[in-house]
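For reference, the chains in residue letters:
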Amino acid sequence: MNVLEFKNVSKAYTKGVYVINNLNLEIPQGKIIGLLGPNGCGKSTLIKMVAGLLQPSNGEILVNGTPVGDETCALISYLPERTYFTASMKVIDIIDYFADFYKDFDKVRALNLLKDLNVDTNARLKKLSKGTKEKVQLVLVMSRQAKLYLLDEPIAGVDPATREYILSTIVSNYNPEATIIITTHLITDVEPVLDDFIFISYGGQIVMGGNAEEARNATGKSLDELFKEVFRC
């Protein structure tokens, strides 16, 4: 079953200038997928449309067979590229907020993960480093029992050791029937956990994709090497 479908989807911010142009794509459930492409190719726009934050100019997006709307929002756990919480809030306050707002939020899991990451839950966000804020947001997002996780640059600001923990413990340890879509420039770091990959270019055009292991075996190259080859300046 496909958890996500794009049917002739286009998005233009300026008339006639398309960030996403006539995209058709099917994404199955139970996969960790890397959505990879150069800056400005439409990755964040695509994810925001799935999350219901932007409306496509044309076409239709289906989540679990249902058009994006109030019903699908309950199935999606979205991590934006930027922190969106009020800086004066304590971490524990945000945890309680998530617990009140989302029926599928696992508070115990969130607290345990934050403890493992040495995050002080009584600290205010404004006192935390950029990397620690990213840890908090990611833990909150991954502590929901969602059908579809949308992670926009989830590990850009954290140190290499923490990236490894995040990818091996948090991202990999999820509901096997759910799907995770990750956008990132740190391809080498995320490659070990990816089942599939999608290379998209400007206009949201898919230039390569498929099973990550099969692509490595067929080409003798890593996804990072393939990416550099495909998008060489």
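These lines cover the structure that appears in this document, whether it is placed above or below. (Residues numbered from 1 in each chain as written. Predicted model: local features only at pLDDT ≥ 70, side-chain atom pairs only at ≥ 80, totals over all residues. Heavy atoms only, no water.)

**Some words on the pairing of strand β9 (residues 196-201)**
Extensive coverage of β9 is indicated by the burial of six of its six residues. In β9, alternate side chains face the same way, and those of D196, I198 and I200 on one face and F197, F199 and S201 on the other are all buried. Direction of pairing for strand β3 (residues 32-36) relative to β9: parallel, over a ladder of four bridges. By the bridge assignment for β9, L36 is matched with F199. In the sheet, β9 pairs with strand β10 (residues 205-211) via six bridges, with the strands oriented antiparallel. Pairing of I198 across the sheet is with G209, part of β10. Where β9 hands over to β10, the hairpin turn is made up of three residues, of which G203 adopts a positive phi near 85 degrees. (Buried < 20%, exposed > 50% of the residue type's maximum accessible area, 1.4 Å probe, protein only. Helix = DSSP H or I, 4+ residues; strand = E, 2+ residues; numbered from the N terminus. Pairing = 2+ DSSP bridges.)

**A short note on the packing of aromatic side chains**
For the structure on display, the rule yields 10 aromatic pairs. Considering the side-chain rings of F85 and F98, the 6.0 Å spacing of their centres and the 65 degrees angle between planes classify their relative orientation as edge-to-face. In this pair, F85 is assigned in the loop between β6 (76-79) and α3 (91-101) and F98 in helix α3, connecting sequence segments 13 residues apart. In this structure, F85 and F98 share a single accessibility class: buried. Ring geometry for F98 against Y102: centres 5.1 Å apart, planes inclined by 55 degrees, an arrangement best described as tilted. Taken together through their ring pairs, the aromatic side chains of F85, Y97, F98, F101, Y102 and F105 make up a single cluster. (Phe/Tyr/Trp six-rings, centres within 6.5 Å; stacked < 30°, edge-to-face > 60°.)

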